[in-house]
Amino acid sequence: QTVRWHIELQPWASPTPSLNYEASRFLKYISTSQISCEHMNLNSLKGYSETTKKPWSVCLDERFSLIHRIRSKQCRLYSLGLGNDDNQFELSMANSGCEVHRFDPSIKAAHIQQGRHLWYHRLSIDWRDPNPAIAAHKLHSSTKKLGTVLNEFGHQKIDVLKADVESAEWKILENLILEDVVEQIGQLVFEVHIHWPGFEVSGNDSTVVRYWYSLLRELELKDFRLFHTYKDLSKPQMFLKKEAFNASSCYTLSWVNTRWK
């Protein structure tokens, strides 16, 4: 299998590149469910008490594997974060019997186990593995690609991948697609930030939005379907540093891998 270095870019939304056309196509895309999900609320799981601050929605419909994996205590959640103290979703998944791994470079120790099902790892998930020469100088900083972590932990599959990584999500998503790691994931719940291009995403505004859109279309080609969108109105209403297009700077998007068993 040949290694891909770049995702396939979709054709421009208009005959000549235009931010207006790219933005309207992208925003319509992330606001339109591709598949319906009846049961998205973790309140239906036992041991779940309060609602989360943010709607990290997973699909618990019977036709998808997650609810069955939760019932049989075989589910696994990876949560990628950056010093965020809102871990209610992780706790609720752990309380329901899921094996939960939270990756956050700001925690105090390399690995901490909290309760039977919840682990914290002082690791930052990145879109590339570190240069060994640089990594040796930084004793506590540890960044790795998700595929590397899966191999090291001996995990073949993740039922849910949650990411709240403050604009690193675009390059991480690209890495998961290019290395086919995304096929090992059952559901994705990503907070996406659109107030600036994101880390190491270059180009003018219309090029950036075309790239974002192309990434999400690649997910669709891999049989992921968007089933929930949360537009965060508590965040600044900014689109690439402009107050434009009635957009929020932050959306939480949930997909299910329809091919996943």
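How each quantity is defined
- Residues numbered from 1 in each chain as written.
- Predicted model: local features only at pLDDT ≥ 70, side-chain atom pairs only at ≥ 80, totals over all residues.
- Heavy atoms only, no water.
- Helix = DSSP H or I, 4+ residues; strand = E, 2+ residues; numbered from the N terminus.
- Buried < 20%, exposed > 50% of the residue type's maximum accessible area, 1.4 Å probe, protein only.
- Contact = heavy atoms within 4.5 Å.
- Areas by Shrake-Rupley, 256 points an atom, 1.4 Å probe, with all protein chains shown as cover.
- Phe/Tyr/Trp six-rings, centres within 6.5 Å; stacked < 30°, edge-to-face > 60°.
- Lys NZ or Arg CZ within 6 Å of the ring centre and 35° of its normal.
- Disulfide = S-S within 2.5 Å.

Visitor: Looking at this structure, I do not really get the overall build of the protein. What am I missing?
Guide: The secondary structure content of the protein amounts to seven helices and ten strands. Within the span of the protein, comprising 261 residues, buried residues form 53% of the whole. Of the contacts made within the protein by residues no fewer than 6 positions apart, 67% connect residues no fewer than 24 positions apart. Summed over all atoms, the accessible surface of the protein reaches about 12600 Å², with 52% contributed by carbon and sulfur.

Visitor: Help me out: how do you make sense of the packing of aromatic side chains in this one?
Guide: What describes a pair of aromatic rings is the distance from one ring centre to the other and the angle between the planes of the rings. Across all of its chains, the model carries ten aromatic pairs by this definition. Three or more aromatic residues joined by ring pairs form one cluster here, namely Phe-26, Trp-170, Trp-212, Phe-239 and Phe-245. Of note, Lys-162 hangs over the ring of Trp-56, and the distance from its end group to the ring centre comes to 4.2 Å. Positioned above the aromatic ring of Trp-12 is the side chain of Arg-210, whose terminal nitrogen or guanidinium carbon lies 4.3 Å from the ring centre.

Visitor: Sorry if this is basic, but what is going on with the state of the cysteines here?
Guide: Linking two cysteines covalently via their sulfur atoms produces the bond known as a disulfide. This model, assessed by the stated rule, comprises two disulfides. Assigning the bonded cysteines of the protein consecutive numbers by sequence position, one obtains the connectivity 1-2, 3-4.

Visitor: Hey, could you run me through unusual backbone geometry in this one?
Guide: What is expected of a backbone is that most residues other than glycine have negative phi and most peptide bonds are trans. One non-glycine residue, Leu-240, lies in positive phi territory at about 50°. Mapped onto the elements, Leu-240 comes out in the loop between β9 (224–231) and β10 (250–257). Note on Leu-240: relative accessible area 5%, which makes it buried. The phi dihedral of Phe-245 is positive, around 65°, even though this residue is not glycine.

By themselves these figures say nothing about function.
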